[in-house]
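Each chain, written out:
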Amino acid sequence: MAEIAGTGRAGGRLSGEAYVGTHRARAHSREAAERTRRSRILAGLTSPARVGEGAQAVSRRRATWADAYRRRAVAGDVVVSVLTGVVTGLLAFPGWSLTRTAVAAAVMPVLWVGALSLGHGYEGRYVGTAPEEYRAVVRTACYLVAAAGLVSYGLRVDVPRAIPLVAAPMLVVLGLIARRILRSDLGRRRRAGTDTQATVIIGNARSVAPMIAEIQRAPEQGLRVVAACVSGLDLSGDVPSEVNGVPVFGYPEEAMSAVDLFDAEVVAVSSDPDLHGPELRRLAWSLEEREVDLVVSAGLLGVAGPRLSIRPTAGMPLLHVERPVMSGARRVLKVAMERLLTAVLLLAALPVGLAIALAIRVDSPGPILFRQNRVGARGEPFSMLKFRTMCVDAEERLAALQRDAGNDVMFKMKDDPRVTRVGRLLRRYSLDELPQLLNVIAGQMSLVGPRPALQREVDAYEPDAVRRLRVRPGLTGLWQVSGRSNLSWDESLRLDLWYVDNWSMVLDLQILFRTARAVLRGTGAY
C-alpha cells in the first residue's frame, strides 16, 4: 500500500487515520530512505529519539487500566479473605474474644493476597485474558492448606479442622466469584472499545486474515488490531489495502514504524516463512526497547492453552501439543458426576415437568413427548426425548419449509408455523429439552457435549465434522451458550470441534453455569 508504506513522518507525529489517508506523493528517493530507516529500526541498528517517548506513553496508558484492574482484584481478595477469616475464626474457635477474631480477620488477607502474588494471581500477562487467574485462586488455596498441614506437623501445633475445611472452600468459591465479577466488568468495557491493547499484526497474507478474524471475534480478550504488516501482497497501487477492515501499513520489515506510529502495545506474529529465527529475535529485541509485548501464533486454531507446553530440544523451543483426553479415569469421573447431577436435576424438575405436560395436553392434540432418532457417539443412533412443541404433522410439512433453512446443514427457521403456542415458550427457555435428562441417565447423552445431530445432517457432514461423533452429544454445550439457533453451521461446528479437542471438567462446569444465564435470557432460541 503505497499510501501507507511510502509516507514519511518528518512533519511530526500523525494519527493512524491521518497517516492512512495521506496520498503517495513523495519522491522516490525519500521513500527509499524512509524504507531503509524502517528496516534499520527493525534490525535494532538505530533507536530514534521518539521511541522512548512512545514507550513511555504506551506504558502510562497500559498502567491506567491494568493497574486499576489489579487494584480492584486485590481489593476483592481482601474482602473475600476478611470475610473468610471472620467466619473461620468464629467456627474454629467459638470461645474466642472479639479481639482474637479481629486478629484472624487481619491476618487472613495478608496470607491470601501474599500467596496469590507469589502464585502469579496478579500476573500482568494474565490480566483479564486467561483462565490462569482462576487456576491461581484454586492453586493458592491448595498451597495454603498444604502449608498449614506442614506447619502443624513440623511444629506440632494443633490446627483446628475447621480452618482447612471452612477457609479453603470459602476462599476458592468467593475468590472465583470475585474474579468472575471483575472479568465480566472488564469484558463489557472491552466490547465497548475501552481498556484494550493496540495491536499490530505481522505475517503472510494467507495467515494474517484468519488471525485478525479470530481476534475480532473475541473483543473481550482485549486485543484491538490497528494495523497489519503483510507479506505476499502487492502494495504498489494507489488504493489503500485492507485485511478484514484493518489497514495494511506495509511489509513485515516496516513493523517498527507501525508500532511507533500507532503506539502499539502488542505485536502479534502469524505464520510467515520470512519471519523466523534471527529476524524474529531481532524483532523481539526492538520491541523490548519499546516495552511492547510480543505474541507469536503457532498456527494451531482450536487448541486450548492447557494442551500446549514448551519442549526444549537441541536449543530450540518446540511447542508440544498434548492429545485430547476423553477416556480413562477422567471420562469415568465425568460420567459419574453427570449421572449424580442429572438425578438431582430430575427430582428438582419434576413439578415443572408435570405442569408442562398439562399445558401441552390442553394446548394442542397429540402426545406430550416427542421422540426423534438422533446420532450419538461413534455414530450409534438413539431415541431422543423432548416435550412436543410442534403440531403432530410437523415432519410431513418439513419438506415444504426446507428452502427457508437457517443454515446449510441444520434446519432452523424463525417463526416456524409448525410450532404451537406453548411450544414457543418452551423453546425460548429450552424447557422442551428437560426429558433429555432421561437420555443422560440412560447413558445415551451427556449433560455437556456437541449438539445431537439428525441422520440427514450426519450424511451431509464434511470429513472434519465427523469428529463431533467421538463423544456423546450433550443436553447443553458451547453452541447453547454462544448463540443457540442464531449460529451458522460453520460456527456451530467450530465450537463443537473445539469442545471435543479441549474437553475438561472445568470447561464442563463453566458451560453449565453459562447455560443457566443463556436460558434465563431466552435469546437465540426458536
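Residues numbered from 1 in each chain as written. Predicted model: local features only at pLDDT ≥ 70, side-chain atom pairs only at ≥ 80, totals over all residues. Heavy atoms only, no water.

> Could you give an account of the environment of Tyr-499, with specific residues and numbers?
In this structure, Tyr-499 sits in helix α17 (residues 489-502). Residue Tyr-499 is classed as buried on the basis of its relative accessible area, which comes to 2%. In this structure, the C-alpha to C-alpha distance between Tyr-499 and Pro-450, residues 49 residues apart in sequence, is 7.5 Å. (Helix = DSSP H or I, 4+ residues; strand = E, 2+ residues; numbered from the N terminus. Buried < 20%, exposed > 50% of the residue type's maximum accessible area, 1.4 Å probe, protein only.)

> Tell me about a positive patch on the surface, and name the residues and values.
Judged by side-chain charge, Arg-180, Arg-191, Arg-514, Arg-517 and Arg-521 come together as a positively charged surface patch. Those elements giving two or more residues to the positive patch turn out to be α7 (162-191) and α18 (505-521). With respect to the helices and strands, the residue Arg-180 is situated in helix α7. (Patch = residues over 30% accessible without salt bridge, like charges linked within 9 Å, V, L, I, M, F, W, Y side chains within 5 Å. Areas by Shrake-Rupley, 256 points an atom, 1.4 Å probe, with all protein chains shown as cover. Salt bridge = Lys/Arg side-chain N within 4 Å of Asp/Glu carboxyl O. Lys, Arg positive; Asp, Glu negative; His and termini not counted. Charge placed at Lys NZ, Arg CZ, Asp CG, Glu CD.)

> Describe the packing of aromatic side chains, and please don't skip the residues or the numbers.
Geometry of an aromatic ring pair is reported as the spacing of the ring centres plus the angle between the planes. As enumerated under the stated definition, the model contains one aromatic pair in all. Aromatic side chains Phe-249 and Phe-262 sit 6.2 Å apart centroid to centroid with 80° between the ring planes, which places their arrangement in the edge-to-face category. A residue pair is termed long-range when its members are at least 10 positions apart, and Phe-249 in strand β4 (residues 246-250) and Phe-262 in helix α9 (residues 255-262) qualify at 13 residues. This pair shows no difference in class: Phe-249 is buried, exactly as Phe-262 is. (Phe/Tyr/Trp six-rings, centres within 6.5 Å; stacked < 30°, edge-to-face > 60°.)

> I'd like a description of the pattern of salt bridges, backed by residues and values.
For the structure shown, the criterion picks out 17 salt bridges. Here Glu-133 makes a salt bridge to Arg-183, at a shortest N to O gap of 2.8 Å. Here Arg-183 lies in helix α7 and Glu-133 lies in helix α6 (residues 132-154), a separation of 50 residues in the sequence. Among the residues examined, Glu-133 registers a relative accessible area of 3% and is labelled buried. Since its relative accessible area comes to 16%, Arg-183 is described here as buried. Here Asp-501 ties to Arg-467 by a salt bridge, and the two come within 2.7 Å at their closest N and O atoms. One end of the pair, Asp-501, is in helix α17; the other, Arg-467, is in the loop between α15 (455-459) and β12 (474-476), and 34 residues separate them in sequence. Accessibility expressed as a relative area gives 18% for Asp-501, which makes it buried. Overall, Arg-467 belongs to the partly exposed group, its relative accessible area being 27%. Taken together, the shared-partner salt bridges in this structure form one network comprising Asp-77, Glu-133, Arg-179 and Arg-183.

> Just give me the short version of the side chain of Arg-388, but keep the residues and values in it.
Checked against the element boundaries, Arg-388 lands in the loop between β10 (381-387) and α12 (398-401). At 3.3 Å, the side chain of Arg-388 and the backbone oxygen of Pro-365 are in polar contact. Non-local contacts of Arg-388, meaning those with residues more than four positions away in its chain, are made with Ile-360, Ser-364, Pro-365, Gly-366, Pro-367, Ile-368, Leu-369, Phe-370 and Thr-420. (Polar contact = N/O pair within 3.5 Å; in protein donor to acceptor, adjacent residues only side chain to side chain. Contact = heavy atoms within 4.5 Å.)

> Go over the pairing of strand β2 (residues 223-231), please, and point to the residues and values.
Counting buried positions over the nine residues of β2 gives seven, a clear majority of the element. Sheet analysis places strand β1 (residues 197-204) next to β2, joined by eight bridges and oriented parallel. Residue pairing across strands places Thr-199 opposite Val-225, the latter belonging to β2. As judged from the two bridges shared by β2 and β4, these two strands associate in the parallel manner. Residue Ala-228 lies in a different strand from β4, and its bridge partner there is Val-248. (Pairing = 2+ DSSP bridges.)

> Hey, could you go over the sheet that holds strand β6 (residues 293-296) for me, with residue numbers and the actual values?
Taken in spatial order, the six strands make up an open sheet running β3-β4-β2-β1-β5-β6, and their pairing is mixed. In this open sheet, the two strands that pair with only one neighbour each are β3 (242-243) and β6. As paired strands, β3 and β4 are joined by two bridges and run antiparallel to one another. In the sheet register, Val-243 faces β4, and the bridge partner there is Val-246.

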